[in-house]
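Residues per chain, in single letters:
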Amino acid sequence: MDPADYNTIYAGNIRVYKTGDNGASWTKAFTPEIWPWNYPSFGLKGDVTKAEALEVCPYNSNIVMAGYYLGDSLKGGLFYSLDEGVTWDQQLLEATADGEDVDVHDIIFNLEGSDTVAYVGVEYDLVNPTGKSVYRLVKSGSSWVVDQDMDAAHTTSSSTIVVTITDLNFNTSGDTLYACGTDAGMNNPH
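The following paragraphs examine the structure supplied in this document.

So, how was this worked out
- Residues numbered from 1 in each chain as written.
- Predicted model: local features only at pLDDT ≥ 70, side-chain atom pairs only at ≥ 80, totals over all residues.
- Heavy atoms only, no water.
- Salt bridge = Lys/Arg side-chain N within 4 Å of Asp/Glu carboxyl O.
- Buried < 20%, exposed > 50% of the residue type's maximum accessible area, 1.4 Å probe, protein only.
- Helix = DSSP H or I, 4+ residues; strand = E, 2+ residues; numbered from the N terminus.
- Contact = heavy atoms within 4.5 Å.
- Phe/Tyr/Trp six-rings, centres within 6.5 Å; stacked < 30°, edge-to-face > 60°.
- Pairing = 2+ DSSP bridges.
- Axes fitted to C-alpha atoms, helices over the stretch in contact; angles between N-to-C directions.
- Polar contact = N/O pair within 3.5 Å; in protein donor to acceptor, adjacent residues only side chain to side chain.

### Here we look at the pattern of salt bridges
Summed over all chains, the structure comprises three salt bridges. Residues lysine 50 and glutamate 52 are paired through a salt bridge, measuring 3.6 Å at the closest nitrogen-oxygen approach. For lysine 50, a relative accessible area of 34% gives the class partly exposed.

### A short note on the side chain of lysine 75
Inspection of the secondary structure assignment puts lysine 75 in the loop between β5 (64–69) and β6 (77–81). You can call lysine 75 buried: its relative accessible area is 14%. With sequence-adjacent residues up to four places away left out, lysine 75 is seen in contact with Tyr39, Leu70, Glu100, Asp101, Val102, Asp103 and Asp125.

### Regarding the packing of aromatic side chains
For the structure shown, the criterion picks out 10 aromatic pairs. Plain terms: the ring middles of phenylalanine 30 and phenylalanine 79 are 5.0 Å apart, the flat faces sit at 45 degrees to each other, and that makes the pair tilted. Of this pair, phenylalanine 30 sits in strand β3 (residues 27–30) while phenylalanine 79 sits in strand β6, and the two are 49 residues apart along the sequence. Each member of the pair, phenylalanine 30 as well as phenylalanine 79, carries the same accessibility label: buried. Note on tyrosine 39 and phenylalanine 79: the rings are 5.8 Å apart at their centroids and 70 degrees apart in plane angle, and the pair reads as edge-to-face.

### With respect to unusual backbone geometry
Leave glycine aside and you will find that most residues have negative phi; peptide bonds, for their part, are mostly trans. Between tryptophan 35 and proline 36 the backbone carries a cis peptide bond, its omega angle lying at 10 degrees. Secondary-structure assignment places proline 36 in the loop between β3 and β4 (50–56). Even without being a glycine, asparagine 22 presents a positive backbone phi close to 60 degrees. With respect to the element layout, asparagine 22 can be found in the loop between β2 (16–19) and β3.

### Details of the sheet that holds strand β8 (residues 104–112)
An order of β8-β9-β10-β11 is seen for the four strands of this open sheet, with the pairing classed as antiparallel. Sheet topology places β8 and β11 (143–148) at the edges, where each strand pairs with a single neighbour. When strand polarity is set aside, the average angle formed by the axes of neighbouring strands in this sheet is 25 degrees. For strand β10 (residues 134–140) and β11, the ladder comprises six bridges, and the chain directions are antiparallel. When the sheet's bridge partners are listed, tyrosine 135 is paired in β11 with glutamine 148.

### Considerations on the sheet that holds strand β1 (residues 9–12)
A sheet is described by the order of its strands in space; here three strands give the open sequence β1-β2-β3, paired in antiparallel fashion. Of all the strands in the sheet, just β1 and β3 have a single pairing partner and so form its edges. Geometrically, the sheet is characterised by an average inter-axis angle of 35 degrees between neighbouring strands, direction not taken into account. In the sheet, β2 pairs with β3 via three bridges, with the strands oriented antiparallel. Within β3, the position partnered with lysine 18 by the bridge is threonine 27.

### As for the environment of arginine 15
Mapped onto the elements, arginine 15 comes out in the loop between β1 and β2. Note: C-alpha distance between arginine 15 and aspartate 98 (83 residues apart in sequence) is 17 Å. Setting aside residues up to four positions removed in sequence, arginine 15 forms contacts with Lys28, Phe30, Thr31, Glu33 and Tyr68. Polar contacts involving the side chain of arginine 15 include one to the side chain of glutamate 33, which spans 2.9 Å.

### As for the environment of glycine 85
Tracing the backbone shows glycine 85 in the loop between β6 and β7 (89–91). Residues glycine 85 and methionine 65, 20 residues apart in the sequence, show an inter-C-alpha distance of 8.8 Å. The residues touching glycine 85, leaving out its near neighbours within four places in the chain, are Tyr10, Ala29 and Val64.

### Observations regarding the side chain of glutamate 123
Topologically, glutamate 123 is positioned in the loop between β9 (115–122) and β10. At 2.8 Å, the side chain of glutamate 123 and the side chain of histidine 105 are in polar contact.

The following block contains the structure:
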């Protein structure tokens, strides 16, 4: 839901839909099924491609992000719009070309000084070691500067934290990010 306009709502399945009239009518705002992304409607084992995370920036409602999860051995990705869902681009976190990247589970925005920052919780792939924990994206003009927020350079243990993050939240003052999920084997909660 757009925090600045409760009549504007986004909803996602494989596609992202938008209403500007409190749900009376809906239009398709985005789908990753088209070129250059070519995501499948269904995975190899019948798993569905889905917009697992969908977030409108509370500090600038022009910014919308959609995080995709693809089942099986396929990978999702992160997509963003800077014009309230009219046009979309992919923000690569690990990959070097548009298309499959990492499975995204959650997105949360924060205002840090004058910077709009998005934190993205992703699934760690144990088979093809990619998608590590939390990514921090700082808006820079019409693009984002990406940093892997739980790598060795950003942890107190100087070790990369390798977990799947399924939920993110901030404390009320916005200075502490909470992340929860499981270890890489999906056995132990973190």
